[in-house]
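# Observations on chain architecture
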Amino acid sequence: MAKEKPPITVVGDVGGRIAIIVDELKMSCFVFTTKNGCPCADSFCTLTRFVPALNVCWLDDIIDDVESFVAAAEILKERGAYKIYVMATHGILSAEAPRLIEESSVDEVVVTNTVPHEVQKLQCPKIKTVDISLILSEAIRRIHNGESMAYLFRNITVDD
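The sections below set out a description of the structure shown in this document. (Residues numbered from 1 in each chain as written. Predicted model: local features only at pLDDT ≥ 70, side-chain atom pairs only at ≥ 80, totals over all residues. Heavy atoms only, no water.)

## Considering the overall build of the protein
When helices and strands are tallied, the protein shows seven helices and eight strands. Out of the 160 residues belonging to the protein, those deemed buried represent 34%. Of the contacts made within the protein by residues no fewer than 6 positions apart, 55% connect residues no fewer than 24 positions apart. Summing over all exposed atoms, the protein offers an accessible surface of approximately 9600 Å²; the carbon and sulfur share of this is 57%. (Helix = DSSP H or I, 4+ residues; strand = E, 2+ residues; numbered from the N terminus. Buried < 20%, exposed > 50% of the residue type's maximum accessible area, 1.4 Å probe, protein only. Contact = heavy atoms within 4.5 Å. Areas by Shrake-Rupley, 256 points an atom, 1.4 Å probe, with all protein chains shown as cover.)

## Brief notes about the pattern of salt bridges
Enumeration over the complete set of coordinates arrives at seven salt bridges. Among the ionic pairs, R99 bridges to E103, the shortest N-O distance being 3.0 Å. The partly exposed category is assigned to R99, whose relative accessible area is 39%. Under the relative-accessibility criterion, E103 is labelled exposed at 56%. Residue E147 pairs with R141 through a salt bridge whose shortest N-O separation is 2.9 Å. (Salt bridge = Lys/Arg side-chain N within 4 Å of Asp/Glu carboxyl O.)

## Observations concerning unusual backbone geometry
The phi dihedral of L93 is positive, around 50 degrees, even though this residue is not glycine. Its place among the elements puts L93 in the loop between strand 6 (83–91) and helix 4 (97–102). Phi is positive for A95, which is not a glycine, with a value near 55 degrees. Assignment of secondary structure puts A95 in the loop between strand 6 and helix 4. Accessibility expressed as a relative area gives 71% for A95, which makes it exposed.

Rendered as structure tokens:
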């Protein structure tokens, strides 16, 4: 993300490790809710007051169909968001997701390689992949040997 623009994080919920990740990254966070896959008006009224000239980082666990965050991205851009990044652990990206992302105001979608999505990447150059195979294999090794998992996650660097 561009360093000159401070980010705001948008999450669909605060379950799992999202709150910890946002805290570790020292990012402002806003919980975005949807009803029946559509952005809630109350959430958007609150959120859009904070976005002029900001980078927006949308965090989620799984990206499958993309209509809700594509709709959100359009509104955020209209309200002055600088860049919009979507990041998720699992990029299912089914059906029309690559086309919708490509045609949207989303600047980049970053997912891990837990699910194959090479075809989707060919359809949409905005989709980027982070390889987590080394960290997964190290986690498996640590679990097998009864070693600390906390050590693994506390000592990982940005370059890893």
